Amino acid sequence: MGATPVWFGSESRPLLGWFNAPTGQRARAAVVICPGVGRDGLQPHYALRLLAEELAGRGFAVLRFDYDGTGDSAGSDSDPDRVEAWLGSIRSALQFVRGCGLDSVVLVGMRLGATLAGTVAAEGGIEGLVLWDPAPSGRAFLAEQAALTAGHFRGLRRRDDGSVEGPGVTFSPGTVRDLRRVDLAKTEGRLAEHVLVLLRSDRSPGRLVERLSMPHVEWQEAAGQAELMDVGAEDQKLPLAAIDSIANWVSGISPRDDRPIAFPAPAGPAVVGTAPDGTAVVETPTFVGPCGLFGILTEPAGGARGPAVIMMSAANEPRSGPCRMWTDLARLWAGAGLRSLRFDMSSVGESPLRSPDQAAFEPRSPAAFDDVLDAARHASPEDPSDVVLVGLCSSAYQALDSAFEVVPLGVVALQPVLSFVPPETAAGLPVDPRRRVAMPLTPVLQAFSDGGALAALRRRFPDLGWRLRMLVKRSQRPGRWLRRLDRLGVDVLMVCGEWEGRAVRLGTSRREKAHLRRSGRFRFEYQPDQAHGLVIEEQRLPTMDLVASHVLERFLTPAGEGTKGAAGQEPASAGEVSGALTRPLLCDGGA
Amino acid sequence: MCGEIEPRVKEIVESYARLSVKTDTLRPEDDLFGLGMTSHATVNVMLALEDAFGIEFPEDLLRRETFESVAAMAAAVSGLTGPSLLAEPRSA
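Given the structure is predicted, the values throughout are model-derived calculations rather than measurements. (Residues numbered from 1 in each chain as written. Chains lettered and ligands numbered in written order. Predicted model: local features only at pLDDT ≥ 70, side-chain atom pairs only at ≥ 80, totals over all residues. Heavy atoms only, no water.)

**Q** Sorry if this is basic, but what is going on with the overall build of chain B here?
**A** If you tally the helices and strands in chain B, you get four helices and zero strands. The N-to-C order of helical and strand elements in chain B reads α-α-α-α. Expressed as a percentage of the 92 residues in chain B, the buried residues total 47%. Looking at chain B alone, contacts between residues at least 24 apart form 64% of all its contacts between residues at least 6 apart. Within the structure as shown, chain B displays about 4300 Å² of accessible surface, and the carbon and sulfur contribution to it stands at 49%. (Helix = DSSP H or I, 4+ residues; strand = E, 2+ residues; numbered from the N terminus. Buried < 20%, exposed > 50% of the residue type's maximum accessible area, 1.4 Å probe, protein only. Contact = heavy atoms within 4.5 Å. Areas by Shrake-Rupley, 256 points an atom, 1.4 Å probe, with all protein chains shown as cover.)

**Q** Is there a simple way to explain the sheet that holds strand E14 (residues 280–288) of chain A in this structure?
**A** Sheet strands pair by backbone hydrogen bonding; their relative direction is either parallel or antiparallel. Residue and element names in this part refer to chain A. Strands sit in the order E13-E14-E15-E17-E16-E18-E19-E20-E21 across an open sheet of nine strands; the sheet is mixed. Edge positions in the open sheet fall to strand E13 (270–274) and strand E21 (522–526), since each of these has one partner strand only. Direction aside, neighbouring strands of the sheet carry axes that sit 20° apart on average. Lying on the sheet, helix H12 (residues 394–406) is in contact with strand E16 (308–312), strand E18 (387–392), strand E19 (410–414) and strand E20 (491–496); it crosses E18 at an angle near 150°. Here helix H20 (residues 537–555) sits on the sheet in contact with E16, E18, E19, E20 and E21, set at roughly 175° to E20. (Pairing = 2+ DSSP bridges. Axes fitted to C-alpha atoms, helices over the stretch in contact; angles between N-to-C directions.)

**Q** Teacher, can you tell me more about the nonpolar core here?
**A** Side chains that are nonpolar tend, in soluble globular proteins, to be buried together. Of all hydrophobic cores here, the largest spans 87 residues; its most connected members are Leu107(A) and Leu49(B). Of the residues forming this core, the biggest block, nine residues, is contributed by helix H2 (residues 39–53) of chain B. Beyond its immediate stretch of four places on either side in the chain, Leu107(A) contacts Val32(A), Cys34(A), Ile90(A), Leu94(A), Ala117(A), Ala121(A), Ile126(A), Gly128(A), Leu129(A) and Val130(A). Counting residues in each nonpolar core, the second largest holds 49 residues, with Val348(A), Phe361(A), Ala379(A) and Val406(A) among its members. (Core = buried A, V, L, I, M, F, W, Y, C linked by side-chain atoms within 4.5 Å.)

**Q** What's the story with the environment of Val6(A) in this structure? I'm lost.
**A** Residue and element names in this part refer to chain A. Relative to the helices and strands, Val6 resides in strand E1 (residues 4–8). For the pair formed by Val6 and Phe19, sequence separation is 13 residues and the distance between their alpha carbons is 6.9 Å. Ignoring sequence-local partners within four residues, the contact set of Val6 consists of Leu15, Leu16, Gly17, Trp18, Phe19, Leu63, Phe96, Pro264, Ala265 and Ala267.

**Q** How do you make sense of the interface of chain B and chain A when you look at a structure like this?
**A** One widely used convention gives an interface's size as the accessible area the parts lose upon coming together. The interface of chain B with chain A comprises 20 residues on the first partner and 23 residues on the second. For the pairing of chain B and chain A, the buried interface totals around 2100 Å² over both sides, and the portion due to carbon and sulfur atoms is 49%. Sorting the residues of chain B by area buried against chain A places His40(B), Glu59(B) and Arg64(B) first, and these three jointly supply 30% of that buried surface. Here Arg139(A) ties to Glu50(B) by a salt bridge, and the two come within 2.7 Å at their closest N and O atoms. On inspection of chain B and its partner chain A, the count reaches six residue pairs in polar contact (both at pLDDT 80 or more). Per-element accounting of the side of chain B that touches chain A gives the leading share, nine residues, to H2(B). Of the residues that constitute the side of chain B that touches chain A, the class distribution is seven nonpolar, four polar and nine charged. (Buried area = accessible area lost by both parts, 1.4 Å probe. Salt bridge = Lys/Arg side-chain N within 4 Å of Asp/Glu carboxyl O. Polar contact = N/O pair within 3.5 Å; in protein donor to acceptor, adjacent residues only side chain to side chain. Nonpolar A, V, L, I, M, F, W, Y, C, P; charged D, E, K, R; others polar.)

**Q** Before we go on, may I ask you to explain the pairing of E16(A) in this structure?
**A** All names here are of chain A. Counted residue by residue, E16 has five buried out of five residues, so it is predominantly covered. Burial of the side chains of E16 extends over both faces: Ala308, Ile310 and Met312 are buried on one face and Val309 and Met311 on the other. Where E16 lies against strand E17 (residues 340–343), four bridges are found, and the strand directions are parallel. Each residue of the ladder has a partner; that of Val309, found in E17, is Ser340.

**Q** Is there a simple way to explain unusual backbone geometry in this structure?
**A** Comment: phi is negative for the bulk of residues other than glycine, and the bulk of peptide bonds are trans. Residue and element names in this part refer to chain A. The backbone of Ser347 shows a phi angle near 80°, a positive value even though the residue is not glycine. On the secondary structure map, Ser347 appears in the loop between E17 and helix H11 (367–379). Although it is not a glycine, Arg364 sits at a positive phi angle of roughly 65°. Among the structural elements, Arg364 can be located in the loop between E17 and H11. Arg364 gets classed as buried once you look at its relative accessible area, which sits at 11%.

**Q** Sorry if this is basic, but what is going on with the confidence of the model for chain B here?
**A** Interpretation of the predicted coordinates at a detailed level should be avoided for regions scoring low in pLDDT. All names here are of chain B. Mean pLDDT over chain B works out to 82, with 85% of the residues at or above the 70 mark. By mean pLDDT, helix H1 (residues 2–16) is the weakest element of chain B at 86, and helix H4 (residues 70–80) is the strongest at 94. Low confidence marks residues 84–92, where pLDDT is under 50. Its contacts with residues over four positions away, or in another chain, come to 13 contacts. Overall fold confidence for the complex sits at a pTM of 0.88, while the interface term, ipTM, reaches 0.72. (pLDDT = per-residue confidence, 0-100.)

**Q** When you look at the environment of Phe19(A) in this model, what are you seeing that I'm missing?
**A** All names here are of chain A. Relative to the elements of secondary structure, Phe19 occurs in strand E2 (residues 15–20). For Phe19, a relative accessible area of 1% translates into the label buried. In the structure, Phe19 is positioned 37 residues away from Ala56 in sequence and 9.4 Å away in space, judged by C-alpha atoms.

**Q** How should I be thinking about the packing of H11(A) against H12(A) in this particular structure?
**A** Helix-helix packing is described using two parameters, namely the angle between the two axes and the distance between the axes. Residues and elements named next belong to chain A. Contact pair H11 / H12: the axes reach a minimum separation of 10 Å and the direction vectors enclose 65°. Like other packed secondary-structure pairs, H11 and H12 cross with a definite hand, here right-handed. Within the contact between the two elements, H11 uses Ala368, Phe369, Val372, Leu373 and Ala376 and H12 uses Tyr397, Gln398, Asp401, Ser402, Glu405 and Val406. (Left-handed = near helix turned anticlockwise from the far one by under 90°.)

**Q** Any chance you could explain the side chain of Asp79(A) here in plain terms?
**A** All names here are of chain A. Tracing the sequence through the fold places Asp79 in the loop between strand E5 (61–65) and helix H3 (82–99). Residue classification places Asp79 among the buried positions, given a relative accessible area of 18%. Polar side-chain contacts of Asp79 include one of 2.6 Å to the side chain of Arg13.

**Q** Whenever I open this one, a nonpolar patch on the surface confuses me. Can you help?
**A** All names here are of chain A. Nonpolar side chains collect at one region of the surface, where Leu454, Leu457 and Phe461 lie side by side and expose about 230 Å² of accessible area between them. Examined against the element boundaries, Leu457 turns out to sit in helix H15 (residues 455–460). When its relative accessible area of 35% is taken as the criterion, Leu457 is described as partly exposed. (Patch = residues over 30% accessible without salt bridge, like charges linked within 9 Å, V, L, I, M, F, W, Y side chains within 5 Å.)

If you want it as structure tokens, here you go:
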């Protein structure tokens, strides 16, 4: 009953989807699940996966997908006509499931995905429509995104070009203009034969109730939505009651008898873009290691020149990475000649659990050590050390700690969080012996955290807790393990804000710093104002530029020197491979 | 105008801001973010203000400063409402 990755839509601009279907190549009806956009799309990813699995278990063929220019689909969010492209993606998804032989289709949308699904449903031919915590209109969605960002970050640059910045995604003036035209209250007709609307009890539905007060519309509470959407990754709870309720409703309005379906071919290699020099960028969905972690290989059509770059999912965000960074970087690097694998750690995104007792999307699980080893073996079977590990936040920590097992050529650790409570200790087990970089939080140290007994002391003396720790636990000092990695020949780039950088600043002696400076293998980019998660564009784009350039300069093999696959190209500079393929991520004067 | 709007803004803050302190001692200038209002709670407050006063916040007002205190929100709402609006508020 596992999901099958599929490409669909235009061959020149493929969309990545996930197809769940019952065993036996028969299904009662089709369900197309439309995710939210931006943070609203990342946060409930696992919940939508569970809904798809639940529906498949009840006899439905289910398609989830990434809109054009988002996630792992081709395109970029800086392309023009985004709203029409997103609506077009839903139409393509409908065409895809109908092509499998199913005429009865239910559309399920969450947040802006519901707004878009309702807009497409108004065109007719939809049996059922589920609006799960819908954004009443594009305008309301934009206002929420702007308020979210405003509430989160002090000193945010004022945007005076008509664009709107949400957490992790910027909507261009054209997209803002087009989104303002999307409004569920302004749609006409029944939308579908049957409609279910799930609303949050703590949000006003605006004019939606007035518009959809019709006999064929059923209303329910979007139970558990605040616990799914309004909290950090580690505090998320899956809305199991809402998932069950939606599955019941879909089952209730759909045909009871199943019919044969044409099962789609699993996704193979597909060209997702072309670099300015004409190099085609090819992506291939792949399953990694014995437990079948899901990943995507990205490579230049002519062959790669250098190690494989491995990018890991961060926290509970799937493989496209924070703010879609991994997808953008993968395609950029492929255009320059490097191949990469971006993958979902076990229990995240589309990857399975490694064991039945593993919790869903549990960051920093000990299983992540095995995940990274599997990924290195998959990306570079002949020499698993011939890789560069890249991560952000929890996966940046993992990249550093896994470096002692993989011994990669390099590590790029963006905002690594080194101090945390290891999940295994919460289960009463000792700290996993593979953790050399982690600085486990003890009850005494937790007292310095927000809400702790010593939090006031920390606010007055921010370094106090760290200094005490370095004194007591000298073995955990970053200077110590950084020198070890250096002796192993591992090139390390760390990009840290004030919070993540404190451990390195306070835990590296002058002697160690001098040693690391001499070796030239350690690069520490300290940007104290950087907000965690790189969700602000003016911080994210320069960081992506830095990472893109660093990896190309350090690891791209010059043409003719031990190349992997076909060569013959001069090493491209980072600036030469931006443009058509990706967003303008390589900043030129702050662009 | 702000003086008339403030009590209703405060009611909305009490209902939606999920502050870590009791709101009966809340002063108009108190920093709500310092008192525990999260970015998600800011969204709920913003939507409730729009419904209560029948306004739509323009993008240039969707900034941290607009929501950092009851007084700041009342000033923003005041700038978006005409004198007649208070007489006929949209129901929340």
